[in-house]
Amino acid sequence: MSEPGALRMRLALLGREVAKFGVVGGLGVLVNLVVFNLVRHTTELPVVRASLIATVVAIAFNYVGFRYFTYRDRDKSGRTKEMTLFLLFSLVGLVIENGILYAATYGLGWNSSLASNFFKFFGIGVATLFRFWSYRTWVFRALPAKEAVQTAESFLEQAEPAAPPRQSRRRQPDHV
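Positions within a chain are numbered from 1, following the residues in the order the chain's sequence is written. Since the coordinates come from a predicted model, pLDDT governs what is reported: local features require at least 70, and pairs of side-chain atoms require 80 or more to be given and counted, while whole-chain, interface and lining totals use all residues. Hydrogens and waters are ignored; side-chain quantities use all the structure's heavy atoms.

Asker: Before we move on, could you go through the nonpolar core and cite the residues and values that matter?
Answerer: Residues F21, F66, Y71, F86, Y135, V139 and F140 are the most contacted members of the largest nonpolar core, which totals 14 residues. To qualify as a helix, a DSSP run of H or I must reach at least 4 residues; to qualify as a strand, a run of E must reach at least 2; elements of each kind are numbered from the N terminus. Sorting elements by how many residues they give to this core places helix α3 (residues 79-107) first, with four residues. Residues are treated as being in contact if the distance between any of their heavy atoms lies within 4.5 Å. With residues up to four places along the chain from it excluded, the contact list for Y71 reads E17, F21, F66, F132, R136 and F140. Put simply, a nonpolar core is a bunch of buried Ala, Val, Leu, Ile, Met, Phe, Trp, Tyr and Cys residues held in one set by side-chain atoms that sit within 4.5 Å of each other. Each residue is placed in one exposure class: buried if its accessible area under a 1.4 Å probe, protein chains only, is under 20% of its type's maximum, exposed if it is over 50%, and partly exposed if it falls in between. Among the nonpolar cores identified, the runner-up in size contains ten residues, and V47, A50, A104 and F119 belong to it.

Asker: Any chance you could break down the environment of G65 for me, citing the residues and the numbers?
Answerer: When you line up the elements, G65 lands in helix α2 (residues 47-70). The exposure class assigned to G65 is buried, which follows from its relative accessible area of 16%. Remark: the alpha-carbon pair of G65 and F21, spanning 44 residues in sequence, is separated by 8.7 Å. Setting aside chain neighbours within four positions, we find G65 in contact with V24 and T70.

Asker: Help me get a handle on the packing of aromatic side chains, residues and values and all.
Answerer: Working definition: a ring pair exists when centres of Phe, Tyr or Trp rings (six-membered ring for Trp) sit within 6.5 Å. Plane angles under 30 degrees give stacked, over 60 give edge-to-face, the rest tilted. This structure, assessed with the given rule, holds 13 aromatic pairs. A centroid spacing of 4.9 Å and a plane angle of 65° characterise the contact between Y63 and F86, whose relative ring orientation is edge-to-face. One end of the pair, Y63, is in helix α2; the other, F86, is in helix α3, with 23 residues separating them in the sequence. Neither Y63 nor F86 differs from the other in exposure class; each is buried. Three or more aromatic residues joined by ring pairs form one cluster here, namely F21, Y63, F66, Y71, F86, F132 and Y135.

Asker: Lay out α3 with the relevant residues and their values.
Answerer: By this rule the span expected of a helix is its residue count minus one, scaled by 1.5 Å. Compared with an ideal rise of 1.5 Å per residue, which puts 29 residues at 42 Å, α3 spans 40 Å between its outermost C-alpha atoms and is within 8% of the ideal. Looking at the buried side of α3, the elements it contacts are α1 (3-42), α2 and α4 (113-139). Count one or two residues on from α3 and you reach G109, which has phi positive near 75°.

Asker: With reference to specific residues and values, describe a nonpolar patch on the surface.
Answerer: The residues that make up patches have over 30% relative accessible area and no salt bridge, and they are joined within 9 Å when like-charged or within 5 Å when they are Val, Leu, Ile, Met, Phe, Trp or Tyr. Calculation of accessible area relied on Shrake-Rupley with a 1.4 Å probe; when residues are assessed, cover is drawn exclusively from the protein chains displayed. The rule for a salt bridge is simple: a side-chain nitrogen of Lys or Arg has to be within 4 Å of a carboxyl oxygen of Asp or Glu. There is a patch of nonpolar side chains on the surface, built from V23, L27, L30, V34, L38, F61 and F69 and spanning about 600 Å² of accessible area. Secondary-structure assignment places L38 in helix α1.

Asker: Can you tell me about the environment of T55, naming the residues and giving the values?
Answerer: Mapped onto the elements of the fold, T55 is located in helix α2. Counting along the chain gives 24 residues from T55 to V31, while the straight-line C-alpha distance between them is 8.7 Å. Ignoring any residue separated from it by four or fewer positions in sequence, one finds T55 in contact with N32, L94, E97, N98, K120 and R131.

Asker: Which residues make up the packing of α2 against α4, and what values go with them?
Answerer: Every angle, taken between N-to-C directions, lies between 0 and 180 degrees, and every axis is a line fitted to C-alpha atoms, over only the stretch in contact when it is a helix. Contact pair α2 / α4: the axes reach a minimum separation of 12 Å and the direction vectors enclose 35°. Read as a crossing pair, α2 and α4 show a hand that is right-handed. Across the interface between the two elements, V47, S51, A54, T55 and F66 from α2 touch S116, K120, R131 and Y135 from α4. Its residues placed into classes, the contact of α2 with α4 shows four nonpolar, three polar and two charged. Rotating anticlockwise by less than a right angle from the far helix to the near helix defines a left-handed crossing, while the corresponding clockwise rotation defines a right-handed one. Under the scheme applied here, ten amino acids are nonpolar (Ala, Val, Leu, Ile, Met, Phe, Trp, Tyr, Cys and Pro), four are charged (Asp, Glu, Lys and Arg), and all others, including Gly, are polar.

This is the structure:
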């Protein structure tokens, strides 16, 4: 394959990955904001604690979505390591997301419902950039190239029907 063709293919694969990550992430944002507002308006918990609960619920939702939708084709051999790394990087994302909300709420005194939702959403956006990079780089790793090629070849061999025997192209003599 030519270099421009290979580049187009890699960009197309990255585009699909970003789209799938976006679908799961978008639903995760919705879960996060709904839980945040439910907890905030139905309990007496402070804003950041309500946000922490919502973030943890969204992390659980996102793991299922990423493992079984976005990255379902990735290496599944080390689930314990995968989940440990996912939780570690999710924890860093939680700190980023809720650190921004904490700074706005307690550092700047912006504690209205609108301000809380804005900074919660902004924090989710900043943390998402970190999460996308860390999840694809460390958690849901692509199969090694050799293994990926072998998997693809075995898949193609199973999918291809047996080829009919080749006919000789030499012309047979008219007399026998």
